[in-house]
Amino acid sequence: MVIKNLENKIKLVMIVSCLFMVGCIIISLGSIFTAKGMVDDAHKKVYVLDGNVPILVQRTTMDETLDVEAKSHVELFHHLFFTLAPDDKYINYTMEKAMYLVDETGLAQYNALKEKGFYNNIMGTSAVFSIFCDSIKFDKQQIERRTNILMRKLVTAGELKRVPRTENNPHGLLITNWRTLLNQDLEQKQKTIY
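Structure report, in brief. Since this is a predicted model, take the numbers as computed values, not measurements.

Notes on the pairing of strand β1 (residues 45-50)
Burial runs low along β1: only zero of the six residues are buried. With six bridges joining them, β1 and strand β2 (residues 53-58) adopt antiparallel strand pairing. Bridge pairing in β2 places Val46 opposite Val57. Taken together, β1 and the strand that follows it, β2, pair antiparallel across an intervening segment of two residues, in which Gly51 is found at a positive phi of about 70 degrees.

Below, the structure written as structure tokens:
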């Protein structure tokens, strides 16, 4: 009877010990997953200092900001490619920066304009080219010469392709199959010379 009682107590201790160990494992795994989730959430939060005041901001993925980055990328490329001053170093600098944002179709268009003497004409006539944009839709290009200002309608097309982000291409996008569809004069105004 004493032996049977002892066996039952050993079985009871084994069952309690096993249940205790299973409970400890469940609590440990739950704690690990909870801590990992908290760390992942903390990594998504970034504090930005505004003067001495920390402001909490959320990190986002490229998929969440693709529309905004695409518009900014296209606007930056067009600004670099079409905003020109009568300075060959400035033109070379902006074209070099623009070529990081477009594939070989942009370089082909640049070379075609260069062969036609377009950039030499800008320097010879002291023309200043500026582009005015309305988000991703570019409505007008302004060409300011010594005696007049020409407004021109400019329509281009292309596709966007994702590429790795670099210092020269911070959006991680590349304009492919880029072409000018329309380049039409709208109005010309005489400048008042004082």
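Focus: helix α3 (residues 88-99)
Across its 12 residues, α3 extends 16 Å between first and last C-alpha, which sits within 8% of the 16 Å expected from 1.5 Å per residue. What α3 keeps buried is the set Ile91, Thr94, Met95 and Ala98. Buried residues along α3 cover an arc of 100 degrees about the axis, so they all sit on one side. α3 presents Lys89 and Glu96 as exposed residues on the side facing more than 90 degrees away from its buried surface. The N-capping residue of α3, defined by a side-chain oxygen 3.0 Å from the backbone nitrogen of Lys89, is Asp87.

Points about the side chain of Gln109
Structurally, the position occupied by Gln109 is in helix α4 (residues 104-115). By relative accessible area, which is 18% here, Gln109 ends up buried. If we ignore the near neighbours within four places in the chain, the residues touching Gln109 are Phe81, Trp178, Arg179 and Thr180.

Considerations on the packing of α3 against α4
Running from N to C, α3 and α4 point in directions that differ by 155 degrees, and their axes come no closer than 9 Å. What the angle tells us is that α3 and α4 run roughly antiparallel. Together, Asn92, Met95 and Met99 of α3 and Gly106, Leu107 and Tyr110 of α4 make up the contact between the two elements. Broken down by class, the residue content of the contact of α3 with α4 amounts to four nonpolar, two polar and no charged.

About the criteria used
- Residues numbered from 1 in each chain as written.
- Predicted model: local features only at pLDDT ≥ 70, side-chain atom pairs only at ≥ 80, totals over all residues.
- Heavy atoms only, no water.
- Buried < 20%, exposed > 50% of the residue type's maximum accessible area, 1.4 Å probe, protein only.
- Helix = DSSP H or I, 4+ residues; strand = E, 2+ residues; numbered from the N terminus.
- Pairing = 2+ DSSP bridges.
- Expected span 1.5 Å × (residues − 1).
- Arc of directions from axis to C-beta.
- Polar contact = N/O pair within 3.5 Å; in protein donor to acceptor, adjacent residues only side chain to side chain.
- Contact = heavy atoms within 4.5 Å.
- Axes fitted to C-alpha atoms, helices over the stretch in contact; angles between N-to-C directions.
- Parallel < 35°, antiparallel > 145°, perpendicular 65-115°, else oblique.
- Nonpolar A, V, L, I, M, F, W, Y, C, P; charged D, E, K, R; others polar.

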